[in-house]
Amino acid sequence: MAFIDASGNMDRQGCRVFLILTHSCAGGVPLGIFITTNESTETVTQALELYNSLLDETSYFGRGAALGPAVFITDDSASERQALKNVYPDATLLLCVFHLLQAFWRFLWDSKNAVRKEHRPVLISLLKEMVYADTIEKT
């Protein structure tokens with residue numbers, strides 16, 4: 001399992017810094033980093049392919065660069081997710097719980113959605129109950 005996320009607005013050129021991490025008993029362990037001039041699908045695909053060219057067949061717990069991680073956890077960036085599908089077509093892409101809740105919270109507060117202020121805490125609580133449910137019956 002690997003996590004990938006990008007940060008930007010760190011320089012005048014608007015470059016994007018991508019981190020690829022995996023989990024361990026000590027916390028997140030970096031697998032790689034790449035810097036791009038934008039976050040387009042084409043650019044991220046090329047960056048991932050270049051990154052893969054640095055890896056051998058023992059990478060990703062023996063899966064190799066061609067298969068890559070079995071699972072990626074991402075935010076809801078469409079271009080990033082498409083690039084991952086392009087490079088790792090067999091990988092399962094999951095949406096990060098934090099980013100899911102953040103997107104829903106922003107939806108609730110966006111005035112164009114006309115969600116009443118008193119309904120917002122109830123709705124976010126219901127979503128959290130579904131996300132953190134440990135059985136289907138609890139959803």
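Structure: above.
Nothing here was measured: the structure is a model prediction, and the numbers come from that model.

Q: Provide a residue-level description of the sheet that holds strand 5 (residues 92-95), including the pertinent values.
A: Ordered in space as 3-2-1-4-5, the five strands form an open sheet in which the pairing is mixed. Each edge of the sheet is formed by a strand with only one pairing partner; in this case those strands are strand 3 (29-36) and strand 5. Mean inter-strand twist for the sheet, computed between neighbouring axes without regard to direction, equals 25 degrees. Of the pairings in the sheet, the one linking strand 1 (residues 2-7) to strand 2 (residues 16-22) comprises five bridges and is antiparallel in character.

Q: Break down the packing of aromatic side chains for me, citing the residues and quoting the values.
A: Under the criterion given, the structure shown has five aromatic pairs. Relative to Tyr88, the ring of Phe72 has its centre 5.2 Å away and its plane inclined at 35 degrees; by these criteria the two rings are tilted. Taken as a pair, Phe72 in strand 4 (residues 71-74) and Tyr88 in the loop between helix 4 (78-87) and strand 5 lie far apart in primary sequence, 16 residues in all. With respect to burial, Phe72 and Tyr88 carry one shared label: buried. Ring geometry for Trp105 and Trp109: centres 5.8 Å apart, planes at 55 degrees, overall tilted. Taken together, the positions of Trp105 and Trp109, both in helix 5 (residues 97-109) and four residues apart, correspond to about one turn of that helix. Taking relative accessible area as the criterion, Trp105 reaches 37% and is therefore assigned partly exposed.

Q: An account of the packing of helix 5 against helix 6 (residues 120-131) is needed here, citing residue identities and associated values.
A: Contact geometry of helix 5 with helix 6 gives a least axis separation of 10 Å together with a crossing angle of 160 degrees. Looking at the two axes, helix 5 sits roughly antiparallel to helix 6. In this structure, helix 5 crosses over helix 6, and the sense of that crossing is right-handed. Taking contact as the criterion, the partners of Val97, Leu100, Leu101, Phe104, Trp105, Leu108 and Trp109 in helix 5 are, on helix 6, Arg120, Leu123, Ile124, Leu127, Lys128 and Val131. Among the residues making up the contact of helix 5 with helix 6, the classes are represented as eleven nonpolar, no polar and two charged.

Q: Give a description of the pattern of salt bridges that names residues and reports values.
A: Scanning the entire structure with this criterion turns up two salt bridges. Residue Glu39 pairs with Arg16 through a salt bridge whose shortest N-O separation is 2.9 Å. Taken as a pair, Glu39 in the loop between strand 3 and helix 1 (41-52) and Arg16 in strand 2 lie far apart in primary sequence, 23 residues in all.

Q: Got a sec to walk through the side chain of Glu80? Specific residues and values, please.
A: Looking at where Glu80 falls in the secondary structure, it is placed in helix 4. Buried charge Glu80 goes without a salt bridge, the closest partner of opposite sign being Arg16 at 6.7 Å.

Q: Which residues make up the layout of surface pockets, and what values do they have?
A: Approximately 160 Å³ is the volume found for the largest pocket. Lining the largest pocket are Met1, Ala2, Thr22, Leu31, Tyr60, Phe61, Arg63, Pro69 and Ala70.

Q: For helix 5, give the residues involved together with the corresponding values.
A: Counting along an α-helix, one turn takes 3.6 residues, and residues three or four places apart therefore face a common direction. Across its 13 residues, helix 5 extends 18 Å between first and last C-alpha, which sits within 8% of the 18 Å expected from 1.5 Å per residue. When helix 5 is considered as a whole, its buried residues turn out to be His99, Leu101 and Leu108. Buried residues along helix 5 sit against strand 1 and helix 6.

Conventions adopted
Residues numbered from 1 in each chain as written. Predicted model: local features only at pLDDT ≥ 70, side-chain atom pairs only at ≥ 80, totals over all residues. Heavy atoms only, no water. Pairing = 2+ DSSP bridges. Helix = DSSP H or I, 4+ residues; strand = E, 2+ residues; numbered from the N terminus. Axes fitted to C-alpha atoms, helices over the stretch in contact; angles between N-to-C directions. Phe/Tyr/Trp six-rings, centres within 6.5 Å; stacked < 30°, edge-to-face > 60°. Buried < 20%, exposed > 50% of the residue type's maximum accessible area, 1.4 Å probe, protein only. Parallel < 35°, antiparallel > 145°, perpendicular 65-115°, else oblique. Left-handed = near helix turned anticlockwise from the far one by under 90°. Contact = heavy atoms within 4.5 Å. Nonpolar A, V, L, I, M, F, W, Y, C, P; charged D, E, K, R; others polar. Salt bridge = Lys/Arg side-chain N within 4 Å of Asp/Glu carboxyl O. Lys, Arg positive; Asp, Glu negative; His and termini not counted. 1 Å grid on protein atoms, 1.4 Å probe; cavity = no way out; pocket = protein on both sides within 12 Å on 5 of 7 lines; lining within 4 Å. Points joined across faces, edges and corners; volume = space filled by probe spheres on them. Expected span 1.5 Å × (residues − 1).

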